[in-house]
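# Tertiary structure, described
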Amino acid sequence: MYAQMVKSTGKGVKTRDDMTEEERHFQDKVDADIKIEPRDWMPEEYRKTLIRQIGQHAHSEIVGQLPEGNWITRAPTLERKAILLAKVQDEAGHGLYLYCAAETLGISRDEMTEMLLSGRMKYSSIFNYPTLTWADIGAVGWLVDGAAIMNQVPLQRTSYGPYSRAMIRICKEESFHQRQGYDIMMKMAQGSPAQKRMAQDALNRFWYPSLMMFGPSDKESVHSAQSMAWKIKINTNDELRQKFVDQTVPQAEYLGLTIPDDKLKLNEETGHYAFSEPDWTEFFNVLKGNGPCNNERLEARQKAWEDGQWVRDGMLAHARKKAARAGAAQMAAE
Ligand code: BYC
């Protein structure tokens, strides 16, 4: 199993001989598909990796509301408005399930938010791209939620219990999101020539950023080997990217739209498409904070955090008062 992982990701993981007794016992549980629960012993690196990945995932759900929320008041019909509103609310819910899952690892939501705002935690690169037209909302649902599902379905089997259970709920909602996006694309692609051009333009702009969502190529991936040995990740980044391309190309053909890639070609023998890699320089630049919307997204999160300060203060004051009253009542009773 380890040899296979080293081969597929190009990076090694601790061998059994290098493990402590506790680590071996932990690895045996993971290999036997026994879920790890919050009170179970776990290697410190496993805990940290989960906090990084679940926290990043939670932040992505919350930041991901911004490009779509931007279109709620401009959705073309009342029905589209109601659907988009429900979808954006779902994303808030996903963020909350995921923050709760991360909190079981001993970090608070406040700490994770502060880490995001100070640049010590990330969110998905995709949300640093703008949604310029209504067709972009279709493309986000179809491609971005489509890529998210491809990544998240295997995560339902991830080794950490609370994360795996959160993913089961999230995946149910994501497939509705993807369909609503595809439905928007279908209407646009079958609409007037101008609407079809808009749909094609949205596909052109969102195609490569969607491929980037799966993370760097397996050769560049820092965490894959260890995360797969611990079954935090079930597939490599490139495996999921390939599955996404294979699934999405026929969907684009059905819409009568063209994937912006001259090298796209079906290999009849393997059933897989050959495709062009995204521009990885652009990807790493976006990660460094230099994407088109990085500043705008973080400013929006910063403002929301500051605007919510009075609520957090009020809740804390109430909790303290309640605790003081309970303490006084107990002393009086003694
Ligand atoms: N964006 O070693 P690697 C949604 C970072 S929300 C930013 O392969 P890993 C939705 C990575 O963190 C969907 N950073 O990492 C919401 C690492 O840097 P650090 C969000 C990325 O973790 C609203 C470095 O690159 N989904 O669907 O093994 C509306 C090396 O990468 C990205 C999740 O978060 C990226 N795309 O694999 C609509 C899924 N990719 O941390 C939709 C859960 C890589 O060492 N996460 N990096 O500084 C995962 O499955 C994994 O974390 C990833 C990356 C596959 C993303």
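Because the structure is predicted, anything quoted here is derived from the model rather than measured. Here, residues in each chain are numbered from 1, in the same order as that chain's written sequence. Whole-chain, interface and lining totals are the exception, using all residues; otherwise, since this is a predicted model, local features are given only for residues with pLDDT of at least 70 and side-chain atom pairs are given and counted only at 80 or more. With hydrogens and water stripped out, all remaining heavy atoms of the structure feed into the side-chain values.

A few words now on the site of the ligand. In the vicinity of the ligand lie 34 residues, with Lys122, Ser221, Val222, His223 and Lys233 positioned nearest. Measuring from an oxygen atom of the ligand, one finds a side-chain N or O atom of lysine 122 at 2.4 Å. Contact with the protein chains covers 92% of the free accessible surface of the ligand, which is 1,000 Å². Secondary structure elements follow DSSP: runs of H or I no shorter than four residues count as helices, runs of E no shorter than two count as strands, and numbering proceeds from the N terminus. Of all elements in the fold, only helix 3 (44-63), helix 5 (78-103), helix 7 (134-155) and helix 12 (280-290) reach the threshold of two or more residues within the shell around the ligand. Each residue is assigned to one class: nonpolar for Ala, Val, Leu, Ile, Met, Phe, Trp, Tyr, Cys and Pro, charged for Asp, Glu, Lys and Arg, and polar for all the others, Gly among them. Within the shell around the ligand, the residues separate by chemical class into 13 nonpolar, 13 polar and eight charged. Proximity is defined per residue: any heavy atom of the residue falling within 4 Å of a molecule or strand makes that residue near it. In protein, a polar contact requires one atom able to donate a hydrogen and another able to accept it; more generally it is a pair of N or O atoms within 3.5 Å, and residues adjacent in sequence count only if both atoms are side-chain atoms. In this description, accessible areas are obtained by the Shrake-Rupley approach with a 1.4 Å probe, and a residue is regarded as covered only by the protein chains that are shown.

Throughout the structure description, domain borders are defined by an automatic or database domain assignment. One can read the domain layout of the protein as domain 1 (16-279) and domain 2 (292-333). Each of domain 1 and domain 2 was reduced to a C-alpha centroid, and the two centroids are 30 Å apart. Contact residues are listed per partner, giving 14 residues for domain 1 and ten residues for domain 2. It is Leu66, Leu117 and Asn128 that lose the most area in domain 1 upon contact with domain 2, and together they represent 42% of the buried surface on that side. Salt bridge, as applied in this entry: a Lys or Arg side-chain nitrogen positioned within 4 Å of an Asp or Glu carboxyl oxygen. Remark: the boundary between domain 1 and domain 2 carries zero salt bridges. Here a residue-residue contact requires only that any non-hydrogen atoms of the pair lie within 4.5 Å. The buried area of a pairing is the accessible area, by a 1.4 Å probe, that goes missing from both parts when the two are put together, added over both.

A word on the packing of helix 7 against helix 8 (residues 161-189). Axes here refer to lines fitted to C-alpha atoms; in helices the fit is confined to the stretch in contact. Angles between the N-to-C directions go from 0 to 180 degrees. Packing of helix 7 against helix 8 brings their axes to within 7 Å, and their N-to-C directions diverge by 150°. For the element pair helix 7 / helix 8, the angle class is roughly antiparallel. The hand of the helix 7/helix 8 crossing is left-handed. Each residue belonging to the contact of helix 7 with helix 8 can be placed in one class, and the counts come to 16 nonpolar, ten polar and two charged. Oblique is the label for any angle not covered by the other classes, which are roughly parallel (under 35 degrees), roughly antiparallel (over 145) and roughly perpendicular (65 to 115). Helix crossings fall into two classes, left-handed where the near helix is turned counterclockwise from the far one by less than a right angle and right-handed where it is turned clockwise.

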